[in-house]
Amino acid sequence: MFKDIIGAFKVKELRHKIFLTIIILLLYRLGAYLPVPGIPIQEIQNKISEQMSSATGLTLLNLFSGGALSRVSVFALGIMPYITAQIIMQMLQAVIPSLDALSKEGESGQRKITQYTRYFTLGLALLNAVGYLFLFKSSAYNVSFSDQIPSVAMGCIVVFTMLVGAMIIMWFGEIITQKGVGNGMSLIIFCNIMAGIPTSITSALSSPSTPGWVAALTVCAVAIIVPVIIFVERGQRRIPIQFAKRVVGRRIMGGQATYLPIKVNTAGVIPIIFASALLYFPAQVSVFFPDATWLTTFSNAVSSGWLNWILTVLLIVAYAYFYTSLVFNPEDTADQLRKQGGFIPGVRPGEATVVYIKHVINRITLPGALFVAVVAVVPSIIFNFTNNSLLQAFGGTSILIMVGVALDTLTQVQSQLKTHDYSSLFVK
């Protein structure tokens, strides 16, 4: 791993991509500390801190925003509107045939899908910004804005600032994906989670209410869980593939044996991000109606506790199957094998191959999805009984996202290094 990282900095093109990614992430963290103009920062920060002690939904939204929500910064909305918009578009593609056909039109179709996603992001960010404005003006916060600017104009400034911040975050994510290293959306979430870990560790270890053995047990659990996650993330089911011999001109092609790799966790961290976004959506809606006690109670119930644990497991398993079906189509795979003269030993080409691949995918997706669900839920259950803030920072969701994003980014770096090595052979 360290050899690949050192080698990446030796390649000029890859080095520029890494520096671009680092600069954008630093700019993002800078924006997370820039306050929205016109708001009494210290007053509202104290009130938000008080509310977060009882409102679990707000706490989790603040975690995914990297603390920007508690600071009422320009980037207070975080990356969640963009993630929610992408999830909506993926689900719409599965139910609307025209969108599914558009996604298969190549680069032009993907550009249109991306444009629709941006429109969804703009609408969701506007709703969230207006919701936070209502929250700040509610009886729970009762924030008084600047007297020098009319209330309506001040509200427009706050909403517009947060909306622009969400659009900048979306732009940052797309720039990293297109011109940097790794997936921009995932790296921004990774950066947000990492930003809160040092503070959580310090507060947990210095708190007299946290026993030393609990902190030591948490660290040991993380040290054990991370290698297990890496092992499962790298796990594959390799279906043997045999290519028939063909005579092309005077040459004999094919005849070699290879395999079709199917990852144990094909969906990666997407199911847990989807489950988190869906379960935290009621918390986002509840900010529109701060005086609706039932809505706040419901948002807190689905954000923590036994209901959250059950829903998290069900959503992760369901979306793992859904996302795997999107990225791995057995019909297309079987058709490509048939066109290239490949076949699975002991399985007839055509429909039998499709059925076999579907059977393998269904069998291997379930344990991978259950593993992700268990790692996501178990630390939350332990935190519910121990109330250890270190477990909240090192929760299963955080660990899975951090490890998954780190592995995906490293895989991209390795693939680009191999591409550079092959291209250098042709240059010589």
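Calculation criteria
- Residues numbered from 1 in each chain as written.
- Predicted model: local features only at pLDDT ≥ 70, side-chain atom pairs only at ≥ 80, totals over all residues.
- Heavy atoms only, no water.
- Pairing = 2+ DSSP bridges.
- Helix = DSSP H or I, 4+ residues; strand = E, 2+ residues; numbered from the N terminus.
- Core = buried A, V, L, I, M, F, W, Y, C linked by side-chain atoms within 4.5 Å.
- Buried < 20%, exposed > 50% of the residue type's maximum accessible area, 1.4 Å probe, protein only.
- Contact = heavy atoms within 4.5 Å.
- pLDDT = per-residue confidence, 0-100.
- Salt bridge = Lys/Arg side-chain N within 4 Å of Asp/Glu carboxyl O.
- Phe/Tyr/Trp six-rings, centres within 6.5 Å; stacked < 30°, edge-to-face > 60°.

A.B. asks: Please clarify how the pairing of strand β1 (residues 236-243) should be interpreted in this entry.
C.D. replies: Looking down a regular strand, the side chains alternate between one sheet face and the other. Here β1 runs beside strand β4 (residues 257-263); their pairing, made up of seven bridges, is antiparallel. Within β4, the residue paired with Ile239 across the bridge is Leu260. Bridge count for β1 against strand β5 (residues 342-343) is two bridges, and the pairing is antiparallel. Looking across to β5, one finds that Gln242 is bridged to Phe343.

A.B. asks: Just checking my understanding: could you explain the nonpolar core for this structure?
C.D. replies: General note: in soluble globular proteins, nonpolar side chains tend to be found buried as a group. Grouped together as the largest cluster of nonpolar side chains are 49 residues, with contacts concentrated most on Ile79, Ile83, Ile189, Ile272 and Ile401. Those elements that provide at least two residues to this core are α2 (12-31), α5 (80-95), α8 (151-179), α9 (184-206), α11 (270-286), α13 (306-327), α15 (351-386) and α17 (396-427). Not counting chain neighbours up to four residues away, the residues in contact with Ile79 comprise Ile169, Met185, Ile188 and Ile189. Of all hydrophobic cores here, the second largest spans 19 residues; its members include Ile44, Phe136, Met162 and Ala166.

A.B. asks: Could you clarify how one ought to interpret the confidence of the model for the protein chain in this entry?
C.D. replies: Of all residues in the protein chain, 76% have pLDDT values of 70 or greater, and the mean over the chain is 77. Confidence, read as mean pLDDT per element, is least for helix α16 (residues 389-393) in the protein chain (59) and greatest for α2 (88). This model gives residues 423-428 a pLDDT under 50, and the stretch forms zero contacts once residues within four places in sequence are excluded.

A.B. asks: Explanation requested: the pattern of salt bridges in the structure shown.
C.D. replies: Once their charged atoms are close, side chains differing in charge can pair, the charge on each being opposite to the other. Inspection of every chain in the model, using the stated rule, returns four salt bridges. Here Lys358 and Glu331 are joined by a salt bridge, their closest N and O atoms 3.1 Å apart. In this pair, Lys358 sits in helix α15 while Glu331 sits in helix α14 (residues 330-339), placing the two residues 27 residues apart along the sequence. Taking relative accessible area as the criterion, Lys358 reaches 36% and is therefore assigned partly exposed.

A.B. asks: What is the right way to look at the packing of aromatic side chains in this model?
C.D. replies: Pairs of aromatic rings are described using the distance from one ring centre to the other and the angle between the two planes. Enumeration according to the criterion identifies five aromatic pairs in this entry. Aromatic side chains Trp171 and Phe172 sit 5.6 Å apart centroid to centroid with 35 degrees between the ring planes, which places their arrangement in the tilted category. Under the relative-accessibility criterion, Phe172 is labelled buried at 7%. A centroid spacing of 5.4 Å and a plane angle of 45 degrees characterise the contact between Tyr319 and Phe322, whose relative ring orientation is tilted. Of this pair, Tyr319 and Phe322 are both found in helix α13, three residues apart, which corresponds to roughly one turn of the helix. The buried category is assigned to Tyr319, whose relative accessible area is 2%.

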